[in-house]
Amino acid sequence: MATGTLVICGHGMVAQRLLERLVEGGHPFERIVVLGAESGPAYNRVLLSSVLAGEATADQIRLKDAAWFEQAGIERYCGDAVVTIDRAARQVITGSELRYDYGTLVIATGARPTELGLEGGDLGGTLTFRDLQDTRRLIDLSQRFGRAVVIGGGFLGLEAAEGLRCRGMAVTVLHRNPCLLNRQLDPTGSKLLAKSLTERGLSIRTGRAPVALLGKRCVRAVRLDDDTLISTDLVITAAGITPNAELGRAAGLHCGRGIRVSDRLQTSDPDIFALGECCEINGQTFGLVDPGYQQAEVLAAVLSERATGRRFQAATQPTRLKISGIPIFSCGQTDDDGQTESIVWQDHQNNRYCRLLIHDRQLVGAVLFGDTTDGNWYAEQIQTHKDITPWRANLAFGREYCEQAA
Ligand SMILES: Cc1cc2nc3c(=O)[nH]c(=O)nc-3n(C[C@H](O)[C@H](O)[C@H](O)COP(=O)(O)OP(=O)(O)OC[C@H]3O[C@@H](n4cnc5c(N)ncnc54)[C@H](O)[C@@H]3O)c2cc1C
């Protein structure tokens, strides 16, 4: 059984969930130390969109207070990133040169916004939206400037754009794909979304990519691939994430895009584990919090040797847009691949749309716009591979109709 000191590098959502499960289940460690690069303790990163939009405060999204750590006997240090893992000495070293011995090490360093490498990308006024510090900066700048361009029309880009619009800015969203949220929506869902956002006052430019940011010291305009110039004061890049795998890579752990781990979250060094957005399992990396939470459950069991057979299995994860007043839900496949049949239901007057994709008598995808009440039920049908034949005729009308029909 693992004993001695457990050191966790990174104190984000997934590390915090791991700590909670270790504490609840009883763990074998004499000492637990968690080291975070950010200036404060773990918070609910998913709710940064609400903080940016002015619907929540930084205090409200904190996950646990100091008393919880004290009671649990966990040592927590903030604002000092781990810069080296010395596997020979079994130590981690922080930026301020503090050394911590470990018996077991967990890497939970998350991910960062992908850099696009655009010309002018280092000008003032170019920002990202990943943590509380970014959010505070965005709020501050939104009070001093009037225009923003958000690069990326995925969930994160749209939430950043809507947050800045709520703060009074004139915002343009640029998305290279012709469809917004093209990974989660089909073209009809995407059009409905673009229409709703435009009606709110966002300017949406799809099918065009930025090629350069222009300005002397601060960004003044974005040049697109058709030579259009869009004047702006701020540019926020939200076009994908890159796993923070560098610590593991530099320590000689096997890495791909992320730090490679087994389905027990173990790296190529048996005493080092990794989970959350920094890890890679069977070639897959993760950009949502739920798989990270499931990994935390498995790792807590593995480290405590409570359930030696527990393994992480990636499941189809549903996603929802958190822009208030625009309910969108998506799970699994979103468009026909030649093997699927679609059930489509649209209420033009009430702006509701539902597309369900079926393959071999099973639901394999659901796109909902306008009313997402039954989203979790559809996700359950997809994840459990249920035979939907008994209620196929009622499927688009949701759970209640299907259960009556069964
Ligand atoms: C604005 C926003 C909205 C989101 N909305 C959703 C949503 O609606 N649904 C959803 O499922 N997901 C959403 N996500 C993604 C979700 O937040 C992540 O999947 C989740 O936070 C991943 O958890 P993690 O612990 O792996 O990484 P993180 O939460 O990023 O935590 C990693 C921590 O490690 C720290 N760190 C990095 N390097 C070091 C180092 N060398 N030493 C010490 N510490 C280090 C980082 O500073 C960070 O605090 C959103 C993300 C953002 C930014």
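Residues numbered from 1 in each chain as written. Predicted model: local features only at pLDDT ≥ 70, side-chain atom pairs only at ≥ 80, totals over all residues. Heavy atoms only, no water.

Peer 1: Sorry, what's going on with unusual backbone geometry here?
Peer 2: Peptide bonds are, in most cases, trans, and in most cases residues other than glycine have a negative phi. Despite not being glycine, glutamate 97 shows a phi value in the positive range, around 65 degrees. Take glutamate 97: it is sitting in the loop between strand E5 (91-94) and strand E6 (99-101). Within the chain, asparagine 282 stands out as a residue other than glycine whose phi angle is a positive 50 degrees. Note on placement: asparagine 282 falls in the loop between strand E20 (279-281) and helix H8 (289-304). (Helix = DSSP H or I, 4+ residues; strand = E, 2+ residues; numbered from the N terminus.)

Peer 1: Explanation requested: the nonpolar core in the structure shown.
Peer 2: Proteins that are soluble and globular tend to have nonpolar side chains buried together. Counting residues in hydrophobic clusters, the biggest one holds 49 residues, and the most contacted among them are Ile8, Ile85, Val92, Val106 and Leu299. Counting residues per element, this core draws most heavily on H8, which supplies 6 residues. Those residues in contact with valine 92, other than ones at most four positions away along the chain, are Val7, Cys9, Leu35, Val82, Thr84, Ile85, Leu98, Arg99, Tyr100, Tyr102 and Leu105. Residues Ala160, Ala161, Ile328 and Phe369 belong to the second largest nonpolar core, which totals 38 residues. (Core = buried A, V, L, I, M, F, W, Y, C linked by side-chain atoms within 4.5 Å. Buried < 20%, exposed > 50% of the residue type's maximum accessible area, 1.4 Å probe, protein only. Contact = heavy atoms within 4.5 Å.)

Peer 1: Explain the domain arrangement of the protein chain to me, please; I cannot follow it from the model alone.
Peer 2: Often, the extent of an interface is quoted as the loss of accessible area on bringing the components together. Assigned domains of the protein chain: these are domain 1 (5-112 + 241-304), domain 2 (126-237) and domain 3 (327-405). One C-alpha centre belongs to domain 1, the other to domain 3, and the line joining them spans 36 Å. (Domains from an automatic or database assignment.)

Peer 1: Help me understand the sheet that holds E5 in this model?
Peer 2: Within a sheet, each strand pairs with its neighbour through backbone hydrogen bonds, oriented either parallel or antiparallel. In space, the 3 strands of this open sheet follow the order E4-E5-E6, with antiparallel pairing throughout. Taken across any chain shown, the strands that pair with only one partner, and hence form the sheet edges, are strand E4 (82-86) and E6. Neighbouring strand axes in the sheet, compared pairwise and without regard to direction, differ in orientation by 20 degrees on average. Relative to E6, E5 runs antiparallel, the two being bridged by 3 bridges. If you follow valine 92 over to E6, its bridge partner there is tyrosine 100. (Pairing = 2+ DSSP bridges. Axes fitted to C-alpha atoms, helices over the stretch in contact; angles between N-to-C directions.)

Peer 1: In this structure, what is going on with the packing of aromatic side chains? I would like to understand it.
Peer 2: Remark: the centre distance and the inter-plane angle together describe each pair of aromatic rings, the angle taken between the planes. Under the criterion given, the structure shown has 7 aromatic pairs. Between phenylalanine 286 and phenylalanine 312, the ring centres sit 5.7 Å apart and the planes meet at 85 degrees, which makes this aromatic pair edge-to-face. In this pair, phenylalanine 286 is assigned in the loop between E20 and H8 and phenylalanine 312 in the loop between H8 and strand E21 (319-320), connecting sequence segments 26 residues apart. Accessibility assignment for this pair places phenylalanine 286 and phenylalanine 312 in one class, buried. (Phe/Tyr/Trp six-rings, centres within 6.5 Å; stacked < 30°, edge-to-face > 60°.)

Peer 1: I keep staring at the pattern of salt bridges and nothing clicks. Help me out?
Peer 2: Side chains that differ in charge, positive against negative, can pair when their charged atoms come close. Going through the model one piece at a time under the given rule, you end up with 26 salt bridges. The partner of aspartate 271 in a salt bridge is arginine 90, with the nearest N and O atoms 2.9 Å apart. Pair noted here: aspartate 271 is in the loop between strand E18 (259-261) and strand E19 (272-274) and arginine 90 is in the loop between E4 and E5, with a separation of 181 residues, a long-range link. Classification of arginine 90 as partly exposed rests on a relative accessible area of 32%. Among the ionic pairs, glutamate 162 bridges to arginine 200, the shortest N-O distance being 2.6 Å. On the criterion of sequence distance, the pair formed by glutamate 162 in helix H5 (residues 155-166) and arginine 200 in helix H6 (residues 187-200) is long-range, its members being 38 residues apart. The network of salt bridges with shared partners includes Arg21, Glu24 and Glu297. (Salt bridge = Lys/Arg side-chain N within 4 Å of Asp/Glu carboxyl O.)

Peer 1: I would appreciate a short explanation of the site of the ligand in the present structure.
Peer 2: What surrounds the ligand is a group of 28 residues, the closest being Glu38, Arg45, Arg130, Glu277 and Lys322. Contact distances for the ligand include 2.8 Å between an oxygen atom and a side-chain N or O atom of arginine 45. Secondary-structure elements contributing two or more residues to the shell around the ligand are helix H1 (13-25) and helix H2 (48-52). Taken together, the residues that form the shell around the ligand break down as 14 nonpolar, 9 polar and 5 charged. (Near = heavy atom within 4 Å. Polar contact = N/O pair within 3.5 Å; in protein donor to acceptor, adjacent residues only side chain to side chain. Nonpolar A, V, L, I, M, F, W, Y, C, P; charged D, E, K, R; others polar.)

Peer 1: I tried to follow the packing of H1 against H8 on my own but got confused; where do I start?
Peer 2: Two elements in contact, H1 and H8, have axes whose closest approach is 8 Å; the angle formed by their N-to-C orientations is 35 degrees. For the pair H1 and H8, the crossing hand works out as right-handed. Each of Met13, Val14, Arg17, Leu18, Arg21 and Leu22 in H1 lies in contact with H8, whose residues at this interface are Val289, Gly292, Tyr293, Ala296, Glu297, Leu299, Ala300, Leu303 and Ser304. By residue class, the composition of the contact of H1 with H8 is 10 nonpolar, 2 polar and 3 charged. (Left-handed = near helix turned anticlockwise from the far one by under 90°.)

Peer 1: Help me out: how do you make sense of the side chain of glutamate 280 in this one?
Peer 2: Here glutamate 280 shows up in strand E20. Assessed through its relative accessible area of 6%, glutamate 280 is described here as buried. For glutamate 280, the side chain forms a polar contact with the main-chain nitrogen of arginine 257, separated by 2.7 Å. Residues contacting glutamate 280, with those up to four places away along its chain left out, are Gly256, Arg257, Gly258, Ile259, Arg260, Val261 and Thr285.

Peer 1: Help me understand the sheet that holds strand E23 (residues 341-347), please; the structure alone is not making it clear to me.
Peer 2: Strand order in this open sheet of 5 strands is E21-E22-E25-E24-E23, and the pairing throughout is antiparallel. Since the sheet does not close on itself, it has two edges, and those belong to E21 and E23, each with one partner. Sheet topology note: the E23/strand E24 (residues 352-359) ladder contains 7 bridges and is antiparallel. Across the sheet, valine 344 pairs through a bridge with arginine 355, a residue of E24. Sitting on the sheet, H6 is in contact with strand E22 (328-332), E23, E24 and strand E25 (362-369), with an inclination near 20 degrees to E25.

Peer 1: Just to check I follow, could you spell out the side chain of threonine 237 for this structure?
Peer 2: Take threonine 237: it is sitting in strand E16 (residues 234-237). Ignoring sequence-local partners within four residues, the contact set of threonine 237 consists of Pro113, Thr114, Leu116, Leu127, Thr128 and Ile151.

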